[in-house]
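Coordinate inspection notes
Each chain, written out:
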There are 2 protein chains.
Amino acid sequence: METLSETYCCGGRLGFYRHASSVLGLEAAFGVFLPEAALSGTSVPVVHILAGLTCNHETFLIKSNIVRFAAQHGIALVAPDTSPRGADVPGEDDAYDLGTGAGFYLDATRPPWAAHYRMGSYIASELPSLTEGVFPLNGARRGIMGHSMGGHGALVHALGAPGFWKSVSAFAPIVHPAAVPWGEKAFGAYLGEDRWAWDAWDATALLRSGRTHPETILIDQGLADQFLARELQPEVFEDAARIAGQELNLRRQAHYDHSYWFIQTFIEDHMAHHALILKS
Amino acid sequence: METLSETYCCGGRLGFYRHASSVLGLEAAFGVFLPEAALSGTSVPVVHILAGLTCNHETFLIKSNIVRFAAQHGIALVAPDTSPRGADVPGEDDAYDLGTGAGFYLDATRPPWAAHYRMGSYIASELPSLTEGVFPLNGARRGIMGHSMGGHGALVHALGAPGFWKSVSAFAPIVHPAAVPWGEKAFGAYLGEDRWAWDAWDATALLRSGRTHPETILIDQGLADQFLARELQPEVFEDAARIAGQELNLRRQAHYDHSYWFIQTFIEDHMAHHALILKS
């Protein structure tokens with residue numbers, strides 16, 4: 001693991017690192033924030049943060065203002081990239097919603113994507129193992145949150161492994177990718193046209209199949225979000241949660257859009273949500 | 001004035017706009033944050049924020065987390081660009097520290113820069129007039145802050161017009177550009193080699209000539225700042241302030257560098273500094 005940079009922020013340390021990922025078969029970069037207590041070796045809770053389309057491992061950290069509140073709660077952050085980089089798949093840089101910057105936090109099964117586009121296993125195992133081996137992170141107190149495509153990632157990973165991810169929240173998540181254009185495009189390419197294979201990576205389908213999370217799921221959704229009706233449709237997830245008995249705090253925020261300005265506004269509540277669960 | 005985008009953030013409204021600047025002779029973009037009270041027409045105090053080298057009118061707003069604290073204090077923000085854009089000066093895009101993204105908030109007097117590189121007058125008059133004519137901003141309660149090159153800008157404008165800029169603060173400012181490489185390069189190009197002309201745009205020279213500000217100047221400076229010894233040298237300004245009788249709160253912050261991670265850490269204190277003065 002190579003250190004790209006380390007700097008102080010809010011009394012803790014913000015670092016960017018690169019490693020050779022065996023799951024991805026490529027070098028991968030990620031960010032880690034350690035609150036002050038962790039700098040002297042105290043094991044602390046950790047929240048993984050998954051960014052949206054076009055972002056990288058730095059974007060959510062610098063634009064969301066999450067570091068301030070992670071520091072206040074004494075919680076570490078791990079920020080992966082949004083896709084492999086340099087996989088050399090033909091066309092991977094041609095669109096903002098497929099390929100580079102658009103890994104959808106799943107394991108592709110179809111060529112030419114399957115060789116490297118394996119962010120699912122990277123998020124579920126390799127990155128937690130790596131970071132918890134190097135930094136004083138308490139894997140028994142591990143949460144996950146995300147935005148848009150990353151909100152999808154947070155929900156499917158938490159519903160798929162609720163014992164592994166103890167707390168979960170999302171901003172404007174793609175709750176039912178199998179039924180909206182972003183998801184249909186990406187899942188079709190990464191997973192093929194047999195739609196039964198899509199359900200394992202679709203949060204609404206997971207709820208419908210009986211997968212739930214023991215803790216309340218917090219979701220904020222802006223009502224001026226330009227992608228609300230076409231790509232996000234939180235009511236679909238809300239219905240599935242009610243039927244499945246999943247506790248859900250879905251907050252509809254008048255006036256707010258899909259941007260990091262929206263995330264900045266409500267990030268304090270999300271860190272408080274994770275702190276309440278992870279520190280109990 | 002054209003609206004590029006408007007979105008909600010922290011209960012207020014964040015907008016980006018473009019106008020034909022008569023001072024610059026070019027189109028110029030800027031950002032404005034209005035806190036909630038201003039949305040119903042109440043006139044509010046305003047702080048102008050000047051970013052550093054390579055930034056644009058969005059950078060300080062999105063990366064510093066200033067909006068949250070401006071909202072809490074009910075203070076508006078105005079964020080200009082760091083230089084003219086599209087002046088078509090030969091070589092203006094060749095270096096990060098001269099030309100595009102490096103206007104140094106002064107009025108160039110030498111060709112080929114003098115035609116458009118007039119950020120000094122833009123900051124001092126055109127942008128305040130424009131924004132106070134369009135938005136409910138109280139020009140009697142107007143402050144200025146900045147980072148690095150923008151810290152230089154905030155200090156020289158406040159010392160040059162202390163009745164106009166009622167409060168001032170800076171992060172890692174270039175306090176004595178006439179004596180450091182960044183400033184020598186830019187001032188030589190923009191103002192020519194007659195160094196007496198540089199003093200009007202040098203905060204330390206202004207203090208030495210007897211120009212002071214009636215309010216305390218707040219400066220944060222990281223001690224792990226990679227530019228500290230070569231470009232920043234806050235002790236030079238500190239000495240000049242002591243001799244001039246200028247109240248100065250220069251805080252040396254161990255471990256912190258020159259980045260927006262540093263700014264994020266201390267921005268709350270800066271907004272409190274401005275609020276205390278502007279709302280008294």
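Bear in mind the structure is a predicted one, so any value in this text is a computation, not a measurement. (Residues numbered from 1 in each chain as written. Chains lettered and ligands numbered in written order. Predicted model: local features only at pLDDT ≥ 70, side-chain atom pairs only at ≥ 80, totals over all residues. Heavy atoms only, no water.)

Remarks on the overall build of chain A
To be explicit about the condition: By the criteria applied, helices consist of DSSP H or I runs no shorter than four residues and strands consist of E runs no shorter than two, each listed in order from the N terminus. Note on classification: 1.4 Å probe, protein chains only; a residue is buried when its accessible area is under 20% of the maximum for its type, exposed when over 50%, partly exposed between these limits. Here Asp and Glu are counted as negative and Lys and Arg as positive; His is not counted, and neither are the chain ends. Where a charge sits is defined by one atom per residue type, namely NZ (Lys), CZ (Arg), CG (Asp) or CD (Glu).
Along chain A, the regular secondary structure elements total 10 helices and 9 strands. Along the three orthogonal principal directions, the C-alpha set of chain A runs to about 50 × 40 × 35 Å. Buried positions account for 61% of the 280 residues belonging to chain A. Considering chain A, the positive charge centre built from 19 side chains and the negative charge centre built from 30 side chains are found 4 Å apart.

A few points about the interface of chain B and chain A
Here is the rule we go by: Contact between two residues is taken to exist if any of their heavy atoms lie within 4.5 Å; hydrogens are not considered. A quick way to say it: buried area is the sum, across both parts, of accessible area lost when two parts are put together, with a 1.4 Å probe. A side-chain nitrogen of Lys or Arg and a carboxyl oxygen of Asp or Glu constitute a salt bridge if their distance falls within 4 Å. Distance and chemistry together define a polar contact, namely a pair of N or O atoms within 3.5 Å, with one atom able to donate a hydrogen and the other to accept it when in protein, and with adjacent residues in sequence counting only for side-chain atoms on both sides.
Each partner contributes to the interface: chain B provides 25 residues, whereas chain A provides 25 residues. Both sides of the chain B and chain A interface together cover about 2,200 Å² of buried area, and 58% of this is carbon and sulfur. The three residues of chain B that bury the most area against chain A are Tyr8, Ile62 and Trp261 of chain B, which together make up 34% of that side's buried surface. One can count 2 salt bridges joining chain B with chain A. Viewed at the interface, chain A and chain B are joined by 13 residue pairs in polar contact (both at pLDDT 80 or more). When residues of the side of chain B that touches chain A are traced back to their parent elements, those giving at least two are strand S1 (2-9), strand S2 (12-21), helix H2 (59-64), helix H3 (66-73) and helix H10 (260-278) of chain B. No other element matches the 7 residues that H10 of chain B contributes to the side of chain B that touches chain A.

Here's the deal with the side chain of Thr265 of chain A
Mapped onto the elements, Thr265 of chain A comes out in helix H10 (residues 260-278). Given a relative accessible area of 14%, Thr265 of chain A falls into the buried group. Within the structure, Thr265 of chain A has its side chain in polar contact with the backbone oxygen of Trp261 of chain A (distance 2.7 Å). In this structure, Thr265 of chain A is in contact with Tyr256 of chain A together with Cys9, Cys10, Gly11 and Arg68 of chain B, ignoring residues within four places of it in sequence.

Considerations on the nonpolar core
Let me state the cut-off plainly: Residues enter a nonpolar core if they are buried and are Ala, Val, Leu, Ile, Met, Phe, Trp, Tyr or Cys, with the set joined through side-chain atoms within 4.5 Å.
Counting residues in each nonpolar core, the largest one holds 191 residues, and the members touching the most others are Phe104 and Tyr190 of chain A together with Phe104 and Tyr190 of chain B. Once you skip the residues sitting within four places of it in the chain, Phe104 of chain B turns out to touch Leu53, Thr82, Asp97, Met149, His152, Ile174, Trp182, Ala186, Phe187 and Tyr190 of chain B.

Points about the sheet that holds strand S2 (residues 12-21) of chain A
Residues and elements named next belong to chain A. Defined as follows: When DSSP finds two or more bridges between two strands, those strands count as paired. Fitted lines through C-alpha atoms give the axes, limited to the stretch in contact for helices. The angle between two N-to-C directions lies from 0 to 180 degrees.
With respect to topology, 9 strands assemble into an open sheet ordered S1-S2-S3-S5-S4-S6-S7-S8-S9, the strand pairing being mixed. Two strands close off the open sheet at either side, each with one partner strand: strand S1 (2-9) and strand S9 (248-253). Across the sheet, the mean angle separating the axes of adjacent strands is 20 degrees when strand polarity is ignored. Sheet analysis places S1 next to S2, joined by 7 bridges and oriented antiparallel. Opposite Glu2, over in S2, you have Arg18 as the bridge partner. Its contacts with the sheet place helix H5 (residues 149-160) against strand S4 (44-50), strand S6 (137-147), strand S7 (167-171) and strand S8 (217-222), and it is angled at close to 140 degrees to S6.

Comments concerning the environment of Pro136 of chain A
Residues and elements named next belong to chain A. By the element assignment, Pro136 lies in the loop between helix H4 (119-134) and S6. Distance in space between the C-alpha atoms of Pro136 and Ala37 is 9.6 Å, their sequence separation being 99 residues. Contacts of Pro136, omitting those with residues within four sequence positions, involve Leu34, Ala38, Gly41, Thr42, Ser43 and Val44.

Quick word on the sheet that holds strand S6 (residues 137-147) of chain B
Residues and elements named next belong to chain B. The sheet built from 9 strands is open, its strands ordered S1-S2-S3-S5-S4-S6-S7-S8-S9 with mixed pairing. Each having just a single partner strand, S1 and strand S9 (248-253) make up the two edges of the open sheet. This sheet shows a mean twist of 20 degrees between the axes of neighbouring strands, independent of strand direction. Relative to strand S8 (residues 217-222), strand S7 (residues 167-171) is paired through 3 bridges, and the arrangement is parallel. Each residue of the ladder has a partner; that of Ser169, found in S8, is Leu218. Lying on the sheet, helix H9 (residues 234-244) is in contact with S8 and S9; it crosses S9 at an angle near 155 degrees.

Let's talk about the relation of the copies chain B and chain A
Operational definition: Here the copies are matched by least squares. The fit uses the C-alpha atoms of residues with pLDDT of at least 70 in both.
Note on the identical chains: chain B maps onto chain A by a rotation of 180 degrees and an axial translation of 0.0 Å, with an RMSD of 0.0 Å. In symmetry terms, the pair is related by a two-fold rotation axis. Residue Lys63 of chain B of chain B places its C-alpha closer to the rotation axis than any other residue of that unit, at 2.7 Å.

Notes on the environment of Ala161 of chain B
In this structure, Ala161 of chain B sits in the loop between helix H5 (149-160) and S7. The spatial distance from the C-alpha of Ala161 of chain B to the C-alpha of Ser125 of chain B is 11 Å, given a sequence separation of 36 residues.

A short note on helix H9 (residues 234-244) of chain A
Residues and elements named next belong to chain A. Filter applied, for reference: The arc in question is the one traced by the directions running from the helix axis out to the C-beta atoms.
Of the positions making up H9, those classed as buried are Pro234, Val236, Phe237, Ala240 and Ala241. End-on view of H9: buried residues confined to an arc of 155 degrees, all on one side of the axis. Exposed residues pointing more than 90 degrees away from the buried face of H9 are listed as Arg242 and Ile243. Those residues of H9 hidden inside the fold are in contact with H5, helix H7 (203-208), S8, helix H8 (228-232) and S9. Directly after H9, the chain includes Gly245, whose backbone phi takes a positive value near 75 degrees.

Brief notes about helix H6 (residues 181-191) of chain B
Residue and element names in this part refer to chain B. Among the 11 residues that make up H6, 8 are buried, leaving the element largely enclosed by the rest of the structure. Looking at the packing, one finds that the buried side of H6 touches H5 and helix H8 (228-232). Count one or two residues on from H6 and you reach Gly192, which has phi positive near 90 degrees.

Quick notes on the pattern of salt bridges
Under the criterion given, the structure shown has 28 salt bridges over all chains. Close ionic contact of Arg110 of chain A with Asp194 of chain A constitutes a salt bridge, the shortest N to O distance being 3.9 Å. Of the two residues, Arg110 of chain A sits in the loop between strand S5 (76-80) and H4 while Asp194 of chain A sits in the loop between helix H6 (181-191) and H7, which places them 84 residues apart along the sequence. The class for Asp194 of chain A is partly exposed, based on a relative accessible area of 40%. We note a salt bridge from Arg251 of chain B to Asp269 of chain B, for which the minimum N-O separation is 2.8 Å. With Arg251 of chain B in strand S9 and Asp269 of chain B in helix H10, the pair connects residues that are 18 residues apart, well separated along the chain. Judged by relative accessible area, Asp269 of chain B falls into the partly exposed class, the value being 34%. Through salt bridges that share partners, Glu2, Arg18 and Glu27 of chain A make up one connected network.

Some points on the confidence of the model for chain A
Threshold: Confidence scores per residue from the predictor, reported as pLDDT, run from 0 to 100.
Of all residues in chain A, 100% attain a pLDDT of 70 or more, and the chain-wide mean is 97. Scoring of the predicted complex yields 0.96 for pTM and 0.93 for ipTM.

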